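Descriptive structure summary
Residues per chain, in single letters:
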Amino acid sequence: MRWENLTVESGSHSRAADAALFGADAVVSRTFDTPEFRGITFHEVRARSIINRVPGASRMPFEWTVNPYRGCSHACVYCFARKSHSYLDLDTGLGFDSQIVVKVNAPDLLRRQLGSRRWLGEHIAMGTNVDCYQRAEGRYRLMPGILGALRDHANPFSILTKGTLILRDLDLLVQASEVTDVGISVSVGFTDPALWRTVEPGTPSPERRLDAVRTLTEHGIDVGVLMAPVIPFLSDHPAQLRATVRAIAASGASSVTPLVLHLRPGAREWFMAWLGQHHPHLVRRYERLYAEGAYAPKWYQRRITRQVHDLAQEYGIGPARAGMPRRIPEPPDPADEPVSEPTQLSLI
């Protein structure tokens, strides 16, 4: 296992070479004995590159991403990015939630790459692998430097997040939006508080996320909501869909885009274990619904999309449209999934 020798506590150092991903610079592992970080280990690395290319076959509406973190303390049981931890020989279950890789040189590296003659100023998407505003960002503060570099180079970008910490950088987002195309999407799949506490235990509540949408829109920043994931048999009842879309509309979001839960290897095993513990009566129904692979059947996806779009029209909002700031599209095909760094995993 690549990280077994990295057991250094806060304030001490250890060196390890990982030329494939991070070069032969120092990799420092730290733990912090504070309530919000208890049980979490941070592996501080110096990345060799910070702008990653999305696989050519992907249907994503962008080609480049920036991901300052790997692993995520949001601990969403369905997170597709769990598989990416296996590339580092790290556990895709609790390890994904508690072993966080921090690319500490991300702001300086991004500024240098944006200034390169080879960089053509293309759109950069953030938060499409793990959340760039997860709890670690409160300590490492990588995003202000990243946003400052994008602003100074007038480089278009978008952010997808569940983190209300984005409001800390409100001034930078406003400044950037004055010189380039900035698209913000906040992920809110449902508003049920009981479901949220078990399925997304490390995230701010859906209510707080929608408050963040409201604040951003009040400052002139266009914000769409990615209604993801819609979880079969747990958040897909018509009354639940209505409550969620109604709350999204009340937040002032400019658009709502539903995505049904999908379960790729890495995420599937972890989610099904959670399901067996919390909702054992649904295990067989999930096995049938996802019998053909990672995605729910097309008929089910279409039904949810139609219901949400009808509700959105009723409440005066709609799906993302051409010409709007870049949003997150329909679920990509399984064939779009890359197998290793530095390519970017497909979303949700």
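Residues numbered from 1 in each chain as written. Predicted model: local features only at pLDDT ≥ 70, side-chain atom pairs only at ≥ 80, totals over all residues. Heavy atoms only, no water.

The subject of this paragraph is helix 12 (residues 298-314). For helix 12, spanning 17 residues, the distance from its first C-alpha to its last is 24 Å, which sits close to the expected 24 Å at 1.5 Å a residue. The inward-facing, buried residues of helix 12 contact strand 10 (223-230), helix 9 (238-250) and strand 11 (255-260). Directly beyond the C-terminal end of helix 12, a positive phi value near 85 degrees is found at Gly316. (Helix = DSSP H or I, 4+ residues; strand = E, 2+ residues; numbered from the N terminus. Expected span 1.5 Å × (residues − 1). Contact = heavy atoms within 4.5 Å.)

What follows deals with helix 9. With 13 residues, helix 9 ought to run about 18 Å at 1.5 Å a step, and its terminal C-alpha atoms sit 18 Å apart, in line with that. Those residues of helix 9 not exposed but buried are Leu241, Thr244, Val245, Ile248 and Ala249. Here the buried residues of helix 9 occupy an arc of 135 degrees about the axis, which is enough to place them on one side. Summarising the contacts, the buried residues of helix 9 are in contact with helix 8 (206-218), strand 10, strand 11 and helix 12. Positive backbone phi, approximately 90 degrees, marks Gly252, located one or two places after helix 9. (Buried < 20%, exposed > 50% of the residue type's maximum accessible area, 1.4 Å probe, protein only. Arc of directions from axis to C-beta.)

This structure, assessed with the given rule, holds 8 aromatic pairs. Measuring from ring centre to ring centre gives 5.4 Å for Trp64 and Trp119, while their planes differ by 75 degrees; the resulting arrangement is edge-to-face. Linking Trp64 in strand 4 (residues 64-66) with Trp119 in the loop between helix 3 (106-114) and strand 7 (124-126), this pair joins segments that are 55 residues apart in sequence. Here Trp64 falls in the buried class, since its relative accessible area comes to 12%. An aromatic cluster is defined as three or more aromatic residues linked by ring pairs; in this entry it consists of Phe233, Phe271, Trp274, Tyr286 and Tyr290. For Arg285, the ring lying beneath its charged end belongs to Phe233, and the centroid distance is 3.9 Å. (Phe/Tyr/Trp six-rings, centres within 6.5 Å; stacked < 30°, edge-to-face > 60°. Lys NZ or Arg CZ within 6 Å of the ring centre and 35° of its normal.)

What follows concerns the sheet that holds strand 3 (residues 51-53). If you walk across this open sheet you meet the 7 strands as 3-4-7-8-9-10-11, and the pairing is mixed. Two strands close off the open sheet at either side, each with one partner strand: strand 3 and strand 11. The sheet shows a mean angle of 25 degrees between the axes of neighbouring strands, taken without regard to direction. Relative to strand 10, helix 9 is tilted by about 160 degrees, and along the sheet it contacts strand 10 and strand 11. (Pairing = 2+ DSSP bridges. Axes fitted to C-alpha atoms, helices over the stretch in contact; angles between N-to-C directions.)

Moving on, we come to the sheet that holds strand 2 (residues 41-45). Taken in spatial order, the 4 strands make up an open sheet running 1-2-6-5, and their pairing is mixed. Only two strands of the sheet have a single neighbouring strand rather than two, namely strand 1 (28-31) and strand 5 (69-70). When strand 5 meets strand 6 (residues 99-103), the two strands line up antiparallel, connected through 2 bridges. Following the sheet pairing, Tyr69 is matched in strand 6 by Val102.

Moving on, we get to the environment of Ser235. Tracing the chain through its elements places Ser235 in the loop between strand 10 and helix 9. Between the C-alpha atoms of Ser235 and Gly189, which are 46 residues apart in sequence, the distance is 8.1 Å. The contacts of Ser235, once residues within four sequence positions are left out, are Phe190, Leu195, Pro229, Val230, Gln240 and Leu241. Within polar-contact distance, the side chain of Ser235 engages the backbone nitrogen of Ile231 at 2.8 Å. (Polar contact = N/O pair within 3.5 Å; in protein donor to acceptor, adjacent residues only side chain to side chain.)

This part covers the pairing of strand 10. Of all 8 residues that make up strand 10, 8 are buried, and the element is covered over most of its length. Inspection of the sheet shows strand 9 (residues 182-187) paired to strand 10 by 4 bridges, in the parallel sense. Its bridge partner being in strand 10, Ser185 is matched across the sheet by Gly224. In the sheet, strand 10 pairs with strand 11 via 5 bridges, with the strands oriented parallel. Residue pairing across strands places Met227 opposite Pro258, the latter belonging to strand 11. Running through helix 9, the crossover from strand 10 to the neighbouring parallel element strand 11 is right-handed. (Right-handed = clockwise from strand over helix to strand, strands pointing away.)

Now for the confidence of the model for the protein. The pLDDT averaged across the protein works out to 86; a share of 82% of its residues lies at or above 70. Scored below 50 in pLDDT, residues 321-348 shows 102 contacts in the model against residues more than four places distant or in partner chains. (pLDDT = per-residue confidence, 0-100.)

Moving on: the pattern of salt bridges. Summed over the entire model, instances satisfying the criterion amount to 10 salt bridges. The partner of Asp97 in a salt bridge is Arg82, with the nearest N and O atoms 2.9 Å apart. With Asp97 in helix 2 (residues 94-98) and Arg82 in helix 1 (residues 82-85), the pair connects residues that are 15 residues apart, well separated along the chain. By relative accessible area, which is 12% here, Asp97 ends up buried. In this structure Arg82 comes out as buried when scored by relative accessible area, which is 0%. (Salt bridge = Lys/Arg side-chain N within 4 Å of Asp/Glu carboxyl O.)

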